[in-house]
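Listed below are the residues making up each chain.
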Amino acid sequence: MEVVILEFFSAFEISSFETFMKLAIAAVLSLVIGLERELKRKPVGLKTSLVIATFSCLLTIISIESAYIAEASSHEGVNITMDPLRLAAQIVSGIGFLGAGVILKRGNDSISGLTTAAMIWGSGGIGIAVAAGFYIEAITAVLLVIIGIEVIPPLLFHFGPKRLRQIEARLTVYVMEEKAISEVMEELDSSGMTIETLSILHSELQNGTWYYKLSIRMSYAQEKETIELYKEVSSINSVKQVDIEMIN
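All of the points below concern the structure found in this document. Bear in mind the structure is a predicted one, so any value in this text is a computation, not a measurement. Position numbers for residues count from 1 along each chain, tracking the sequence in the order it is written. Totals for whole chains, interfaces and linings use all residues, but because this is a predicted model, local features are given only for residues with pLDDT of at least 70 and pairs of side-chain atoms are given and counted only at 80 or more. In computing side-chain values, all of the structure's heavy atoms are included and hydrogens and water are not.

**Quick look at the side chain of Ser30**
Link 1 in the chain: Runs of E in the DSSP output that reach at least two residues are strands. Runs of H or I that reach at least four are helices, and both are numbered from the N terminus. Its place among the elements puts Ser30 in helix α1 (residues 2-39).
Link 2 in the chain: Note on contacts: a residue pair is in contact if any heavy atoms of the two residues lie within 4.5 Å. If near-sequence neighbours (up to four positions away) are discounted, Ser30 is found in contact with Ser49, Leu50 and Ala53.

**Digging into the nonpolar core**
Link 1 in the chain: Leu171, Val173, Val175, Val184, Leu188, Ile216 and Met218 are the most contacted members of the largest nonpolar core, which has 20 residues in total.
Link 2 in the chain: Beyond its immediate sequence surroundings of up to four residues, Ile216 is in contact with Ala169, Arg170, Leu171, Val184, Met185, Leu188, Ile195, Thr197 and Leu198.
Link 3 in the chain: In terms of nonpolar packing, the next biggest core, distinct from the first, is built from 13 residues, Leu29, Ile33, Ile61 and Met119 among them. For the purposes of this section, nonpolar cores are sets of buried Ala, Val, Leu, Ile, Met, Phe, Trp, Tyr and Cys residues that join through side-chain atoms within 4.5 Å. Remark: exposure states derive from per-residue accessible area (1.4 Å probe, protein chains only) relative to the maximum for the residue type, with buried under 20%, exposed over 50%, and partly exposed in between.

**What to know about the pairing of strand β3 (residues 166-175)**
Link 1 in the chain: Of all ten residues making up β3, eight are buried, and the element is well covered by its neighbours.
Link 2 in the chain: Two strands are said to pair when DSSP picks up at least two bridges between them. The pairing of β3 with strand β6 (residues 239-247) spans eight bridges and is classified as antiparallel. The partner of Thr172 across the bridge, within β6, is Asp243.

**Here's the deal with the packing of helix α4 (residues 114-131) against helix α5 (residues 135-159)**
Link 1 in the chain: Interaxial angles span 0 to 180 degrees and are taken between N-to-C directions of axes, which are lines fitted to C-alpha atoms, for helices over the stretch in contact. Where α4 meets α5, the axes come as close as 8 Å, and the angle between the chain directions of the two elements is 160°. For the element pair α4 / α5, the angle class is roughly antiparallel. Every pair of crossing elements has a handedness; the one defined by α4 and α5 is left-handed. In contact with Thr115, Met119, Ile126, Ala129 and Val130 of α4, α5 contributes Tyr135, Ala138, Val142, Val145 and Ile149.
Link 2 in the chain: Note on residue categories: nonpolar means Ala, Val, Leu, Ile, Met, Phe, Trp, Tyr, Cys or Pro, charged means Asp, Glu, Lys or Arg, and polar means any other residue, Gly included. Considering only residue class, the contact of α4 with α5 consists of nine nonpolar, one polar and no charged. Should an angle lie under 35 degrees it is considered roughly parallel, over 145 roughly antiparallel, and from 65 to 115 roughly perpendicular; all remaining angles are considered oblique. Take the far helix as your reference; a near helix turned counterclockwise from it by less than a right angle gives a left-handed crossing, and one turned clockwise gives a right-handed crossing.

**Let's talk about the pattern of salt bridges**
Link 1 in the chain: We define a salt bridge as a side-chain nitrogen of Lys or Arg found within 4 Å of a carboxyl oxygen belonging to Asp or Glu. What the rule picks out here adds up to three salt bridges.
Link 2 in the chain: The salt bridge involving Glu168 is made with Arg217; its shortest N-O contact spans 2.8 Å. Here Glu168, found in strand β3, pairs with Arg217, found in strand β5 (residues 210-221); they are 49 residues apart in sequence, far enough to count as distant.
Link 3 in the chain: Take Glu168: its relative accessible area is 23%, and that puts it in the partly exposed class.
Link 4 in the chain: Here Glu245 makes a salt bridge to Arg170, at a shortest N to O gap of 3.2 Å. With a gap of 75 residues between them, Glu245 in strand β6 and Arg170 in strand β3 connect regions that are remote in the sequence.

**Some words on the packing of helix α3 (residues 86-101) against α4**
Link 1 in the chain: Running from amino to carboxyl end, α3 crosses α4 at an angle of 160°, the nearest separation of the two axes being 9 Å. In terms of axis orientation, α3 runs roughly antiparallel to α4. Considering only the axes of α3 and α4, their crossing is right-handed. Each of Ala88, Ile91, Val92, Ile95, Leu98 and Gly99 in α3 lies in contact with α4, whose residues at this interface are Ala117, Ile120, Trp121, Gly124 and Ile128.
Link 2 in the chain: Along the lines of polarity and charge, the residues of the contact of α3 with α4 split into nine nonpolar, two polar and no charged.

**Some thoughts on the environment of Val102**
Link 1 in the chain: Position of Val102 among the secondary structure elements: in the loop between α3 and β1 (104-106).
Link 2 in the chain: Its relative accessible area of 14% is what places Val102 among the buried residues.
Link 3 in the chain: Counting along the chain gives 14 residues from Val102 to Thr116, while the straight-line C-alpha distance between them is 7.1 Å.

In structure tokens, the structure reads:
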């Protein structure tokens, strides 16, 4: 009897230590992704990634252990079969709701938050992979993701095709005369800007004065400073106001 009890506690200690290690590894790997998002001031940072990965790992461990317990406790003539990863499938679906919450649509053609949403999904994947015992695979995945986000884009930004070496910005220009619209477009073209979209609104001020609002989405070389672009556009005759918003 004493031998059975000792074996039980020994197995319990091994199982508890293994569970602790899995949760710790999932937490550490999630911090790598969370730190990358935190440094870029994104909605999902250290705490969110840590919570998602750790609890995904915990639920996967529970799912796997429950299947083993159910199989071990089967009575003679009764065969109980359970999917060890049944909870993991639900984790992926549940994380989708969190990812949808960080995707934002700005204007008619600008969507942000897709990478952050993918990071949320990836944090859950890390927890599931570690809980299932795929430690090397989880570590490799994190390293590849970090390299793909932090190393490759800067290289393409400096040495890739011209399109990838340009910065996107949204420019709003207010002019009082119609002829100033052509002047603004010519100035942008001569400065090497690539016009993506153009929207013109003709509206009236409260005092009865009419003005034109130009909403321009454009790309330009990274070497050009934003303040330099602002000065070039604002120096055009009939331009009353210039607003510039960088698109990340």
